[in-house]
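# Examining the three-dimensional arrangement
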Amino acid sequence: MMDDKPKYKISEAAKILGISVHTMRMYEREGLIVPYKKSTNQRLFSDKDIERLRCIRNAINEEKISIEGIKRIFSLIPCWAIVKCSLKNFEYCSALKEANRPCWTFKHENNFCAEKDCRECEVYNIFNDCEPIKTKLVELTFMNSIKVKEEEIK
């Protein structure tokens, strides 16, 4: 299991990945990564964050998926099913109403995620390994359909 302890400054993380600090900041701005921020606003990254960024770089360079494409794919993650939102939460959730960016990029108010730390959320952490995106989405869909069927049987 990868260490989730924030320990690399942005310049160190960029050097490990062989990219610029500017690129790191762009990934953050685009909502692909949520770095840990100290009270001084200094960004820190963990080994888990580095692996996530490697996956993103792989999707861009090897799978030829654009940043916009990655954001759209992340926006399709069935977050409501993963965190088990109630129907009441649906009316307050912007992530369900828009399909152009991941749920962790929204300011959550008056819903289940309002008090959650996105870095810790299982929805955000689903793509922290470099399993192909399509495989992961199929797995999520399959797992959720099994859960629905199990609930129907009960």
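Residues numbered from 1 in each chain as written. Predicted model: local features only at pLDDT ≥ 70, side-chain atom pairs only at ≥ 80, totals over all residues. Heavy atoms only, no water.

Per the secondary structure count, the protein includes 9 helices and 3 strands. Taking all contacts inside the protein whose residues are at least 6 apart in sequence as the whole, residues at least 24 apart take part in 63%. Carbon and sulfur atoms make up 53% of the accessible area of the protein, which amounts to about 9,400 Å² in all. (Helix = DSSP H or I, 4+ residues; strand = E, 2+ residues; numbered from the N terminus. Contact = heavy atoms within 4.5 Å. Areas by Shrake-Rupley, 256 points an atom, 1.4 Å probe, with all protein chains shown as cover.)

Another aspect to go through is the confidence of the model for the protein. Per-residue confidence for the protein gives a mean pLDDT of 83; residues scoring 70 or more make up 87%. Of all the helices and strands in the protein, helix α9 (residues 133-153) carries the lowest mean pLDDT, 67, while helix α1 (residues 10-17) carries the highest, 97. (pLDDT = per-residue confidence, 0-100.)

Evaluation of the coordinates by the stated rule reveals 9 salt bridges. The salt bridge involving E51 is made with R54; its shortest N-O contact spans 3.8 Å. Of this pair, E51 and R54 are both found in helix α3 (residues 47-61), 3 residues apart, which corresponds to roughly one turn of the helix. Here R54 falls in the partly exposed class, since its relative accessible area comes to 40%. Its salt-bridge partner being R72, residue E68 comes within 3.3 Å of it at the nearest N-O pair. Taken together, the residues E68 and R72, both in helix α4 (residues 67-75) and 4 residues apart, mark about one turn of the helix. (Salt bridge = Lys/Arg side-chain N within 4 Å of Asp/Glu carboxyl O. Buried < 20%, exposed > 50% of the residue type's maximum accessible area, 1.4 Å probe, protein only.)

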